[in-house]
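Working through the structure, step by step
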Amino acid sequence: MLANSNATANLAVKDLARAKAFYEDVLGLTEVHNEGGELIVYKCGDTSINVYRSNFAGTNKATAVTWMVGDEIEKIVSALRSKGVVFEHYDMPHTTIEGDIHVGHGMKVAWFKDPDGNILNLVDR
């Protein structure tokens, strides 16, 4: 029923102006719609991300958005690090950390947080 439909991630933030600076200036996303300071929609490939103001921002302790970046992962991690992004390091079985990238199970993954603590990641697939 939904297999052929794009899905949109929804990210709750406390301060929409601070989030806008992060998603545009740091991650390089482009705003495609704005709902009067309550919601900003960003285009990501064939889908989009809704960043919206909420009192519940920062309560999700799991990965909220994944970008499939292929063999560009090292380059993107380096570029984000140069913009001040701090990457998360997790202790995971059968995985090693090379710089800020977790390597194992046939893939490379890097996790980081937005200013409200939403967990975002990059995967080399």
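Residues numbered from 1 in each chain as written. Predicted model: local features only at pLDDT ≥ 70, side-chain atom pairs only at ≥ 80, totals over all residues. Heavy atoms only, no water.

**Description of the overall build of the protein chain**
Quick note on the threshold: Secondary structure is summarised from DSSP: a helix means a run of H or I of at least four residues, a strand means a run of E of at least two, and numbering begins at the N terminus for each. Put simply, the radius of gyration uses C-alpha atoms, and a globule should come to 2.2 Å times the residue count raised to 0.38. Three labels apply to residues, based on accessible area from a 1.4 Å probe with only protein chains included: buried if under 20% of the type maximum, exposed if over 50%, partly exposed otherwise in between. Contacts are assigned to residue pairs that have any heavy atoms within 4.5 Å of one another. Charge assignment: positive for Lys and Arg, negative for Asp and Glu; neither His nor the chain ends contribute. The location of each charge is read from NZ of Lys, CZ of Arg, CG of Asp or CD of Glu.
If you tally the helices and strands in the protein chain, you get 2 helices and 10 strands. Put simply, the protein chain runs from its N terminus to its C terminus through helices and strands in the order β-α-β-β-β-β-α-β-β-β-β-β. Compactness check: the protein chain gives a C-alpha radius of gyration of 15 Å against a globular reference of 14 Å for 125 residues, within 12% of the reference. When its C-alpha atoms are laid out on the principal axes, the protein chain stretches across 45 × 40 × 25 Å. Among the 125 residues that make up the protein chain, the fraction classed as buried is 37%. The long-range share in the protein chain, meaning contacts at least 24 apart out of those at least 6 apart in sequence, stands at 52%. Each charge class in the protein chain was averaged separately, 12 positive and 17 negative side chains, and the resulting centres sit 2 Å apart.

**Here's the deal with the packing of aromatic side chains**
The test is simple: Aromatic rings from Phe, Tyr and Trp, taking only the six-membered ring of Trp, are treated as a pair when their centres fall within 6.5 Å; an angle between ring planes under 30 degrees marks them as stacked, one over 60 as edge-to-face, and anything in between as tilted.
A full pass over the atoms with the stated rule returns 4 aromatic pairs. Their ring planes at 90° and their centres at 5.1 Å tell us that Phe 22 and Tyr 23 sit as a pair that is edge-to-face. You'll find Phe 22 and Tyr 23 in the same group, each marked buried. Aromatic pair Tyr 23 and Tyr 42: ring centres 6.0 Å apart, planes at 25°, arrangement stacked. Highlighted residues: Tyr 23 in helix α1 (residues 16–26) and Tyr 42 in strand β3 (residues 39–44), separated in sequence by 19 residues. You can call Tyr 23 buried: its relative accessible area is 0%. Judged by relative accessible area, Tyr 42 falls into the buried class, the value being 1%. Pairwise contacts between aromatic rings join Phe 22, Tyr 23 and Tyr 42 into one cluster.

**Observations regarding the pairing of strand β8 (residues 101–104)**
For a regular strand, side chains alternate in direction, first toward one face of the sheet and then toward the other. Threshold: Between any two strands, at least two bridges found by DSSP are needed for them to pair.
Bridge analysis of strand β7 (residues 96–98) against β8 gives 3 bridges, and the strand direction is antiparallel. Bridge pairing in β8 links Thr 96 to Val 103. Connecting the antiparallel pair β7 and β8 is a turn made up of 2 residues, with Gly 99 showing a positive phi of about 70°. As judged from the 3 bridges shared by β8 and strand β9 (residues 107–113), these two strands associate in the antiparallel manner. Residue pairing for β9: Val 103 is matched across the bridge by Lys 108. Counted along the chain from β8 to the antiparallel partner β9, the turn is 2 residues long, and its residue His 105 has a positive phi close to 55°.

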